[in-house]
Amino acid sequence: DATEAAVVKKIYQLKQREDHKALIVLVNSETMLKSYVESIPEAALTFLNSDRPTTIIYPQGIGFAANLLGEDSSIGIRIPDHSFCLELITQFGKPIISTSANISGNPTPKTFDSIENEILDGVDYVVPLKEDMRPNSPSRVVKIDSEGTIQLLRP
């Protein structure tokens, strides 16, 4: 739940990650996105409609846990292209936090069976999907400021 500070804190603690390192938020649609950002700059539309997974850092998040926002109130959000994730967000009705299933600094697991026990034991529930994680490269990361200026952070 990207709107609950206690949840965000628990994720940082579980991952043993410094809280200034951003986490990504997933929403299920542009409609949901509009409820959680001050505005969607025109420049973002090209990326939202791209076939490539793209995380967009918006200048102003609304309704998120304060400890999830950047120091400048920015927030990184992506609309996933995965049916399970989309259905989970839809059923939950709010944005969710996305992060790799590893302790900070350790390798990202490539299969469910390679997730560290400390992670599995530290969460409230594990979805029993045993499929291999997608071998895709990380999403493109784009920062768009309130003027619509685009900065490519990860191509």
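A short tour of the structure in this document, coming up.

**Here we look at the overall build of the protein chain**
Argument step 1. When helices and strands are tallied, the protein chain shows 5 helices and 6 strands.
Argument step 2. N-terminal to C-terminal, the α/β element order of the protein chain is α-β-α-α-β-β-α-β-α-β-β.
Argument step 3. With the principal axes as the frame, the protein chain shows a C-alpha extent of 45 × 30 × 30 Å.
Argument step 4. Expressed as a percentage of its 155 residues, the buried residues of the protein chain come to 34%.
Argument step 5. Counted over contacts in the protein chain with a minimum sequence separation of 6, partners at least 24 positions apart contribute 58%.
Argument step 6. Of the roughly 9300 Å² that the protein chain leaves accessible, carbon and sulfur atoms contribute 50%.
Argument step 7. In the protein chain, the 15 positive side-chain charges and the 21 negative ones have mean positions that sit 3 Å from each other.

**Looking at the packing of aromatic side chains**
Argument step 1. Enumeration over the complete set of coordinates arrives at 1 aromatic pair.
Argument step 2. Consider the rings of Tyr36 and Phe64, whose centres lie 5.2 Å apart with planes at 40 degrees: the pair is tilted. Pair noted here: Tyr36 is in helix H2 (residues 30-36) and Phe64 is in the loop between strand E2 (54-58) and strand E3 (75-78), with a separation of 28 residues, a long-range link.
Argument step 3. When its relative accessible area of 13% is taken as the criterion, Tyr36 is described as buried.
Argument step 4. Classification of Phe64 by relative accessible area gives buried; the value is 9%.

**Thoughts on the pairing of strand E5 (residues 140-144)**
Argument step 1. Among the 5 residues of E5, 4 are classified as buried, and the element is accordingly described as predominantly covered.
Argument step 2. In this structure, E2 lies alongside E5, joined through 4 bridges in parallel fashion. Bridging across to E5, Ile56 finds its partner in Val142.

**Concerning the nonpolar core**
Argument step 1. One finds Leu33, Tyr58, Phe64, Leu68 and Ile77 to be the most contacted residues of the largest nonpolar core, which totals 28 residues.
Argument step 2. Of all the secondary structure elements, the ones that give two or more residues to this core are helix H1 (5-15), strand E1 (24-26), H2, helix H3 (42-48), E2, E3, strand E4 (96-98) and E5.
Argument step 3. Per-element accounting of this core gives the leading share, 4 residues, to H3.

**A short note on unusual backbone geometry**
Leave glycine aside and you will find that most residues have negative phi; peptide bonds, for their part, are mostly trans.
Argument step 1. Positive phi values are uncommon outside glycine, yet Gln16 reaches one of about 55 degrees.
Argument step 2. Its location among the elements puts Gln16 in the loop between H1 and E1.
Argument step 3. The exposure class assigned to Gln16 is partly exposed, which follows from its relative accessible area of 49%.
Argument step 4. A positive phi is found at Ser73, a non-glycine position, where the angle reads about 70 degrees.
Argument step 5. Tracing the chain through its elements places Ser73 in the loop between E2 and E3.
Argument step 6. By relative accessible area, which is 24% here, Ser73 ends up partly exposed.

Conventions and cut-offs
Residues numbered from 1 in each chain as written. Predicted model: local features only at pLDDT ≥ 70, side-chain atom pairs only at ≥ 80, totals over all residues. Heavy atoms only, no water. Helix = DSSP H or I, 4+ residues; strand = E, 2+ residues; numbered from the N terminus. Buried < 20%, exposed > 50% of the residue type's maximum accessible area, 1.4 Å probe, protein only. Contact = heavy atoms within 4.5 Å. Areas by Shrake-Rupley, 256 points an atom, 1.4 Å probe, with all protein chains shown as cover. Lys, Arg positive; Asp, Glu negative; His and termini not counted. Charge placed at Lys NZ, Arg CZ, Asp CG, Glu CD. Phe/Tyr/Trp six-rings, centres within 6.5 Å; stacked < 30°, edge-to-face > 60°. Pairing = 2+ DSSP bridges. Core = buried A, V, L, I, M, F, W, Y, C linked by side-chain atoms within 4.5 Å.

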